[in-house]
Each structure stands twice: as structure tokens, then as C-alpha cells.
Amino acid sequence: MVAPQNLVVVLLDSLNRHMLGAYGGTEFSTPNLDRFAARSTQFTNHVTGSLPCMPARHDILVGSLDFLWKPWGSIELWEESITATLRRAGVTTMLVSDHPHLFETGGENYHTDFSGWEYLRGHEGDPWRTYADPSAFGAPTLTPDGRPLVTNAADGGWFLRDQLGIADQSFGRRHYDDSRTWFRAEEDFPGPRTMATAAAWLRHAPAAHDRWMLFVDEFDPHEPFDTPEPWASMYDDHPIDADEARLVWPPYLVGGTSKGAITDDQARQIRNNYGAKMSMIDHHFGRILDELDAQDLWDTTAVIVCTDHGHYLGENRVTGAPGDDTVADIWGKPMVPQFEPLGHTPLMIHWPRTRDWGQTPIAIDALTTNVDINATIADVFGVSTAHRTHGRSLVPLLTGAAASIRDWAIGGVYGNWVQVTDGRRKYARAPVEDNFPLSMWSNRWSTMPVHTGLEDYMRFPNPDRRATLDFMPGSDIPVIRQPFEPGDVLPFWASGARNVGRHHLYDLGIDPDEHENRRGEPSEREMIDLLRTALVEVDAPADQLVRLGLS
């Protein structure tokens, strides 16, 4: 067996495992991800850690879970990105991305330690354009059969304006609503441009470097679920008129059709638009595979395909208080536990010369999570990190040297449920009283920027005179620790007291769709003990054990 000399990581944001052909999905087409699966090892029990977008990237690039300490943010003084470690070891690293959170407050220093980086502009909240292209209206580019290439789409505020009764049509608009008017062809969309740029780097750069890592952080299929033809109408249940606005911005809510917030037709269209986005980026991901073929890189290069989390598209779950068995459809990433559609994610790794390619893919059912990707990158290049990390290398699994690498994995969103799984049972522990005590630990006080018009709904508190200096596990660098109390404005990811007592326990071996919440059964005590063990092992703040009733 030959150890890889180089590495490619492709992170596709919000990639739903259960919709990929390689994982049994049949609803949408993903031929190139399936093509990659045919020459890779599929991990079937890979789960999320810190959530959402930037916390998940912190898991992968820094290797430390951070959702127990803060909601979202930059790399801190007591830690460093794996790319900084690789730079000192003489490894060339390249970032190609259209992910706007990497280039705004709260994520602004993840790219700086790469040897090189290229940001493809125009996705989601990227302030690439301040006005719509005036020439785009009334004269869109046409497909050969006469259809508009860039379709008409409802802007990012459509759902909130409808729900809140807001007449101001500018409320909730996103930067992308202007940026999309500048796209003239499929190749102008951010996802296709990102994949083309990554493929070009693979075509020209490897010969110039002894050892290298290419990290492709692709924001598709994350919303907006906007695609040009022929993708836009690929999965339509019925024809959509050219002047009808497609719903490319999904709502974030519990109870879409079940509570009458969206119609059945709207729900199907949103789900189908996600499928179109996934199929389009799958098509362009094929360019990377083509270049790996053309440059004969498979024998020297490991390739990892992963995601940060999934995206709910109307899947039904029971989310209410104990005794309330009402089933609701879930959309986006609202404040609910990480049910399987969002928290059980795809991971596929090509490891050179471990099998005869093209046969039935190898599957590994060992429990893994995103911090393990960081440990694997370090293992590939033979480096170690100085700060405290939580991952375990996947290399022993890939080479057959081990059948498992961990007994548990934890994850969650700051100030919400904390989840633990042993690979079969999954337990989401909610706060037991009022979600306090709760503290935020950071020297780079920031979170996800809020879209214009939503500032009053999603305020972010500054530290105040109650803040003290404390220390992160394994570090002697002082950190600002801000305690919160009842009545405080909390960081907007925190759930407050509304989820108190709403614990969830599922046996996924017999109930993979999470229909039967087994809280209150004897096995809950076992999972409580496992969660306490996990939190103690990662040196979680004592506040977390108290608010969860585990102290």
C-alpha cells in the first residue's frame, strides 16, 4: 500500500446524504458523485459535530469542537488552522471557494494561512453587486429552445414578508438577488466557476509543488437553490410559467405545510429546486474528476468528499414538548435536534491503491465525525498540532489497521441540544430548567453577519462588565468569558428556555426515520452517562453540564 503524497478535499455545503445515488437516493441525479463513490471508501456512520456552517469548518480546519464554547467565529489565538501547520512543514495549500462566510466577519481568518486562495464572487450573502444589472430585465439570455436561461426567481425576503405582513418589498432582499442578474450563462454561476477554477489548478499547479493540498469549499447546493436551464426545470412536477417566480430561497421553519405556512405546491417546488442545484454542482464536480484522470493523480493523491451538514426539505418529525406527538415537516436549519436528514452526512474518501477500482465500493460503518477529517489531514502529511484537538485519524480505518476509532461522537448548536451517539443510539439532551448557566468564550467577538432588515430580530450582545478572563482547555492564553443570565439577549443561535426538557432518544438500528422517541426508557440513563463521559473528556465548560442537568 502506498501512502498518498497529496490531498484534495471537496466540501459541498448542505449536501444531503440520503439523496445521493451512492447512498441509495433515487429522487435526484448525482452521476459524478456516484462515479467518485465507485473508486472510494464510503463511510456510512458519519455524523455532524459543531454546527452550522462556520463551526463545522472549524471542526475540519482547526480540529476542535467549538459549539460548547461559542456559536460561530474566527480562529482564536490559542489555536491554528491545519493549513498553518502544513505551511511550516513545506506543504503547499490552495483554497478555491465561493463560500461568503469565509470572507466576512466571523470567518475572516480561515483563508489567510493557505499558501494561495481564490474567492469566486456572487453567492448568497456575498456583497459582490450593489444593484441589479439593468440590461438583464426584459432581455434574458435564451436557451436554444427559446426559454430564458436565467429564470425568474422570488427574492430572499418572500417568505418573511408573507408571514409578517410586511409591505416593503425591499425587506429581506439578499445580495444574491442583485448578483444573479449579472449571470449570462451557466458558467457565470458561482458553483460552476469554483469547480472550473479548481480543475484548472489541478491541471497546472501540481508539477510546481512537491507536496500539496487543494481544498475546494463549494457553497452549493446551499441556498439559494437557483440554477439556469436546463437544470432549473429538470425536476418540475408541472410546467412553471416564465413569468412565475421560482422559490429558490427556502424558509427555515418547523411546520411548513402542516401549519399552512407554505402550500404543497410550494413545498414540492422548493425540494425540486434543491435537487436541481445538487445535480448541477454534481455535473461540474465531474470536471475535478476529469482532471484527476487526465493528470494521472489517483495513485498519489487522496481525495475526500464531505459536507458540513444536510438541509431539511420537508422531512417529518415530532419536535414538541413531552406528551405532544404532533408531527411537523421541517425546512432549512431551524432550532431542532440534528435529526438524520441534517446530522447523518456523507463522507467518501479515495485512498490510493487500496482496491481494484470500479468494483462494489468499500463501505465502513465505524462511527466518525468531522473533527476526524482534520486528524486525517494531519496524518496524511505527518504533522501534529500544538493546540487541543478532538479528532481521530481515519487512516487506520482506510488501511484496515482498525475497525473503529471512537466509541462516541458529540455535536450540536451553541446554546441548544447537545447530542451524543454511540453509532446506533442517538441522544439529544435539552436544558433542564431555563438554559442557564450559559457562557460564551472568545477573544474574537463575532457571529454570522445578519442580513439587512433582520438586525432587530437577531441581535448579538457585546461582552459586558460581568465578563472575566478564563482559559480554554490546554491553553495558557487568557480568553474573555461572558456569562449570560435570564433576561439577557442571547447570541441568536441559542434557544433560550423554549426547548427545556425536550430530550430525544432514538435507536437508529430499528428506527432509522426517528419515529419513536425512547426518552424515559432505561437506555436513556446509559446515554446520559455516555454524554457526561464525552463532555468531561473534551473538558467542556462546567456551565454546560449544569444547564443540561448532568453535573
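Preceding block: the structure.
Cut-offs and rules
- Residues numbered from 1 in each chain as written.
- Predicted model: local features only at pLDDT ≥ 70, side-chain atom pairs only at ≥ 80, totals over all residues.
- Heavy atoms only, no water.
- Phe/Tyr/Trp six-rings, centres within 6.5 Å; stacked < 30°, edge-to-face > 60°.
- Helix = DSSP H or I, 4+ residues; strand = E, 2+ residues; numbered from the N terminus.
- Buried < 20%, exposed > 50% of the residue type's maximum accessible area, 1.4 Å probe, protein only.
- Lys NZ or Arg CZ within 6 Å of the ring centre and 35° of its normal.
- Pairing = 2+ DSSP bridges.
- Contact = heavy atoms within 4.5 Å.
- Axes fitted to C-alpha atoms, helices over the stretch in contact; angles between N-to-C directions.
- Disulfide = S-S within 2.5 Å.
- Core = buried A, V, L, I, M, F, W, Y, C linked by side-chain atoms within 4.5 Å.
- Polar contact = N/O pair within 3.5 Å; in protein donor to acceptor, adjacent residues only side chain to side chain.
- Parallel < 35°, antiparallel > 145°, perpendicular 65-115°, else oblique.
- Nonpolar A, V, L, I, M, F, W, Y, C, P; charged D, E, K, R; others polar.

Participant: Account for the packing of aromatic side chains, naming residues and giving values.
Facilitator: In total, this model carries 18 aromatic pairs according to the counting rule given. Plain terms: the ring middles of Phe36 and Phe285 are 6.2 Å apart, the flat faces sit at 85° to each other, and that makes the pair edge-to-face. Pair noted here: Phe36 is in helix H1 (residues 31-37) and Phe285 is in helix H7 (residues 264-294), with a separation of 249 residues, a long-range link. Each of the two residues, Phe36 as well as Phe285, counts as buried. Relative to Phe460, the ring of Trp445 lies with its centre 6.3 Å away and its plane at 45°, an arrangement referred to as tilted. With a gap of 15 residues between them, Trp445 in the loop between strand E18 (438-441) and strand E19 (468-471) and Phe460 in the loop between E18 and E19 connect regions that are remote in the sequence. Three or more aromatic residues link up through ring pairs in this structure, and these residues are Trp128, Tyr176, Phe183, Phe189 and Trp249. Stacked on the ring of Trp128, the Lys or Arg Arg129 has its end atom at 4.0 Å from the ring centre. Here the basic side chain of Arg174 rests over the ring of Trp249, its NZ or CZ set 4.6 Å away from the ring centre.

Participant: Describe the sheet that holds strand E17 (residues 425-429), with residues and values.
Facilitator: Pairing is mixed in the open sheet, where 5 strands are placed in the order E4-E15-E16-E17-E21. For this open sheet the edge positions go to strand E4 (50-51) and strand E21 (504-507), each flanked by a neighbour on one side alone. Across 2 bridges, E4 lies against strand E15 (residues 409-413) in parallel orientation. Residue Ser50 lies in a different strand from E15, and its bridge partner there is Gly412. Each of E15, strand E16 (418-421), E17 and E21 is contacted by helix H11 (residues 522-537), which is oriented at about 70° to E17, the strand it contacts most.

Participant: Report on the state of the cysteines, specifying residues and quantitative values.
Facilitator: The full count for this structure, using the stated rule, is 0 disulfides. Here Cys53 is not disulfide-linked; the sulfur of Cys306 is the nearest cysteine sulfur, at 13 Å. Looking at Cys53, the relative accessible area reads 3%, which means it is buried. With a relative accessible area of 0%, Cys306 lands in the buried category.

Participant: Tell me about the nonpolar core, and please be specific about residues and values.
Facilitator: Counting residues in each nonpolar core, the largest one holds 54 residues, and the members touching the most others are Val10, Leu202 and Leu214. Breaking this core down by element, the ones donating at least two residues are strand E1 (6-12), H1, strand E5 (92-97), helix H4 (158-164), helix H6 (190-204), strand E7 (212-218), H7 and strand E9 (301-306). Ranked by the residues each element gives to this core, the list is headed by H7, at 10 residues. Beyond its immediate stretch of four places on either side in the chain, Leu202 contacts Val8, Trp212, Leu214, Ile288, Glu291, Leu292, Gln295 and Leu297. The next biggest cluster of nonpolar side chains, apart from the first, holds 52 residues, and it includes Met213, Ile349, Val383 and Val395.

Participant: Describe the side chain of Thr227, listing the residues and the values that go with them.
Facilitator: Positionally, Thr227 belongs in the loop between E7 and strand E8 (253-254). Note on Thr227: relative accessible area 3%, which makes it buried. Engagement of the side chain of Thr227 in a polar contact is seen with the backbone nitrogen of Ala232, the distance being 3.2 Å. Here Thr227 is in contact with Thr151, Phe189, Ala232, Ala276, Lys277 and Met280, once residues within four sequence places are set aside.

Participant: An account of the pairing of E19 is needed here, citing residue identities and associated values.
Facilitator: Direction of pairing for E19 relative to strand E20 (residues 478-484): antiparallel, over a ladder of 4 bridges. Each residue of the ladder has a partner; that of Leu469, found in E20, is Ile480.

Participant: So what's going on with the environment of Pro228? Residues and values would help.
Facilitator: One can find Pro228 in the loop between E7 and E8. Placed 77 residues apart in sequence, Pro228 and Thr151 show a C-alpha to C-alpha distance of 6.4 Å.

Participant: Please give an account of the packing of H6 against H7 that cites residues and values.
Facilitator: Running from N to C, H6 and H7 cross one another at 5°; their axes reach a closest spacing of 9 Å. As far as their axial angle goes, H7 and H6 are roughly parallel. Residues Gly191, Pro192, Met195, Ala196, Ala198, Ala199, Leu202 and Arg203 of H6 touch H7, and the partners they reach there are Met280, Ile281, His284, Phe285, Arg287, Ile288, Glu291 and Leu292. Broken down by class, the residue content of the contact of H6 with H7 amounts to 11 nonpolar, 2 polar and 3 charged.

Participant: Outline the packing of helix H2 (residues 53-61) against helix H9 (residues 371-381), supporting the account with residue identities and numerical values.
Facilitator: Look at H2 against H9: their axes get within 6 Å of each other, and the N-to-C directions meet at 30°. It follows from the interaxial angle that H2 and H9 lie roughly parallel. Residues Asp59, Ile60 and Leu61 of H2 touch H9, and the partners they reach there are Val371, Ile373 and Asn374. For the contact of H2 with H9, the per-class residue count stands at 4 nonpolar, 1 polar and 1 charged.

Treat this as a map of the structure, not an account of what it does.
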